[in-house]
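Survey of secondary and tertiary structure
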Amino acid sequence: MSVEGIKPRATDIKAADIRVADIKGATHAVEAAAVMRLLPARPRLLALGEPTHGEDTLLDLRNELFRQLVEEEGYRTLTIESDCMAGLVVDDYVTSGTGTLDEVMERGFSHGWGASAANRELVRWMRAHNIRVDNDGRPASERLRFAGFDGPLEMAAAASPRQALTALHGYLAARVDAELLPCTAHTLDRLLGADDRWTDPAVMMDPAQSVGQSDDARQLRLLADDLVALLDMQAPHLRATTSRDDWDRARLYGRTATGLLGYHHWMADTSPARLTRLCAQRDLMMAHNLLALAERDPVLVHAHNGHLQREKSSMRMGGTRLEWWSAGALVSDRLGEEYAFIATALGTIRHQGVDTPPPDTLEGLLYALPEDRCVLDTPRLATTLGDTRPAPRVSPWFGYAPYDPAHLEGTDGIVFVKDVPGQRG
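Now for a look at the structure at hand. (Residues numbered from 1 in each chain as written. Predicted model: local features only at pLDDT ≥ 70, side-chain atom pairs only at ≥ 80, totals over all residues. Heavy atoms only, no water.)

1. Regarding the sheet that holds strand β5 (residues 299-304)
Taken in spatial order, the eight strands of this open sheet run β1-β9-β10-β8-β2-β5-β3-β4, and their pairing is mixed. In the strand order of this sheet, the two ends are held by β1 (27-28) and β4 (145-150), each with one partner. As defined by bridge partners, strand β2 (residues 45-50) adjoins strand β8 (residues 339-348) across four bridges and the pair is classed as parallel. Bridging from a neighbouring strand, alanine 47 pairs with phenylalanine 341 of β8. (Pairing = 2+ DSSP bridges. Helix = DSSP H or I, 4+ residues; strand = E, 2+ residues; numbered from the N terminus.)

2. Points about the environment of leucine 48
You can see leucine 48 is positioned in strand β2. A sequence separation of 367 residues divides leucine 48 from valine 415, and the C-alpha atoms of the two residues are 8.7 Å apart. If we ignore the near neighbours within four places in the chain, the residues touching leucine 48 are Leu61, Arg62, Leu65, Leu300, Val301, His302, Ala303, Leu308, Ile342, Thr344 and Val415. (Contact = heavy atoms within 4.5 Å.)

3. Remarks on the environment of threonine 184
Note on placement: threonine 184 falls in the loop between α8 (162-173) and α9 (185-192). On a C-alpha basis, the gap between threonine 184 and asparagine 119 in space is 39 Å, while along the polypeptide they are 65 residues apart. A distance of 3.1 Å separates polar atoms of two side chains, one belonging to threonine 184 and the other to threonine 187. (Polar contact = N/O pair within 3.5 Å; in protein donor to acceptor, adjacent residues only side chain to side chain.)

4. Quick look at the packing of α8 against α9
Contact pair α8 / α9: the axes reach a minimum separation of 10 Å and the direction vectors enclose 170°. By the angle between their directions, the pair α8 and α9 is classed as roughly antiparallel. Between α8 and α9, the residues in contact are Arg162, Leu165, Thr166 and His169 and Ala185, Leu188, Asp189 and Leu192, respectively. Partitioning the contact of α8 with α9 into residue classes produces four nonpolar, two polar and two charged. (Axes fitted to C-alpha atoms, helices over the stretch in contact; angles between N-to-C directions. Parallel < 35°, antiparallel > 145°, perpendicular 65-115°, else oblique. Nonpolar A, V, L, I, M, F, W, Y, C, P; charged D, E, K, R; others polar.)

5. Some details on the packing of aromatic side chains
Within this structure, the stated rule accounts for three aromatic pairs. Ring plane angle 65° and centroid distance 5.6 Å describe the contact between phenylalanine 109 and phenylalanine 146, whose orientation is recorded as edge-to-face. A residue pair is termed long-range when its members are at least 10 positions apart, and phenylalanine 109 in the loop between α6 (101-107) and α7 (117-129) and phenylalanine 146 in strand β4 qualify at 37 residues. A residue is classified by how much of its surface remains accessible, and phenylalanine 109, at 10% relative accessible area, is buried. Measuring from centroid to centroid gives 6.0 Å for tryptophan 397 and phenylalanine 398, while their planes differ by 65°, and the two rings are edge-to-face. (Phe/Tyr/Trp six-rings, centres within 6.5 Å; stacked < 30°, edge-to-face > 60°. Buried < 20%, exposed > 50% of the residue type's maximum accessible area, 1.4 Å probe, protein only.)

Rendered as structure tokens:
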């Protein structure tokens with residue numbers, strides 16, 4: 001068959017025309033100093049994304065970058081895509097030595113993160129850093145902090161609002177006049193009922209099983225709003241008589257209680273927008289937690305690229321494409337240049353069936369570089385690529401989301417890791 005008159009796609013021509021030498025001029029070593037040179041100023045929230053979860057190679061890279069940011073740039077807090085309430089257990093350990101490392105790894109993480117050797121090493125290092133040679137501990141202003149910024153949510157279920165609601169009520173009950181409280185602890189307990197009615201995994205597929213729009217849940221949402229309002233009304237007194245840590249935690253309890261009750265409300269929804277609202281509610285909770293952390297110290301944020309990007313997030317579920325604004329988009333809208341996003345792109349994850357990337361994709365172009373890992377200046381890379389972007393890579397494995405080359409303008413830099421080996425034993 002004759003192929004005369006058949007023209008290659010523009011993306012193929014462009015990819016073929018790009019030389020390794022052209023791209024190499026946009027690369028730097030994976031170091032904090034190199035990352036900072038890409039940015040106009042030190043951001044309050046520096047977000048490092050990853051395109052897949054559970055790979056210690058990427059977490060080791062994160063750990064090393066955080067160490068450098070601590071030592072060279074004055075960063076004090078690391079927050080990851082993990083349960084914000086459970087994260088308090090980790091923070092207590094790294095700041096004051098509460099509990100044991102084994103207990104912290106078991107109770108302080110969600111999404112299976114506690115089993116990661118890299119996360120264990122991170123927690124150990126943060127605790128060691130906070131202890132001076134004389135074992136008196138560093139001053140509070142110099143201590144490293146840990147936080148989860150995800151809601152108490154898993155893919156199949158959401159937590160009961162009990163922990164956050166009762167903690168907020170307890171904080172206020174100990175510090176303000178009883179007549180100002182909108183309810184008693186007994187009333188909360190009665191309305192909450194058994195925790196398993198909130199956490200039933202059947203709810204994800206069957207909204208009718210949810211209690212999120214029951215009379216009890218509606219009353220709890222009103223009471224949660226009243227408790228948070230009381231927290232704000234009493235702020236001058238509470239801030240003057242409470243430690244900064246206790247005040248920040250009370251605000252976290254309030255955000256988590258209202259966010260969880262909103263999430264459960266949409267779990268009970270039967271409209272076509274149900275899944276979109278659930279995804280959007282989760283990222284909104286993430287954004288609120290990130291903005292609160294940014295008020296205190298410069299923060300390194302680590303999560304999936306999809307949660308940290310400035311563009312809308314999307315996923316396909318049950319044959320339907322869902323789109324919502326990511327936590328990164330919401331935070332960037334509020335903070336401007338005080339938010340920076342560095343995405344991570346990968347070459348191979350062979351133990352998951354992700355082999356050498358096609359040469360006409362962005363990952364394929366980067367895979368031809370001699371470095372095993374590098375940081376790319378995205379504005380310079382975009383200039384090198386010109387008007388036509390490489391073809392989007394298609395992943396053979398559901399657990400890996402390739403970098404979308406259409407997002408170059410919204411990304412401050414890209415960390416490229418050539419090969420991700422299997423997990424450490």
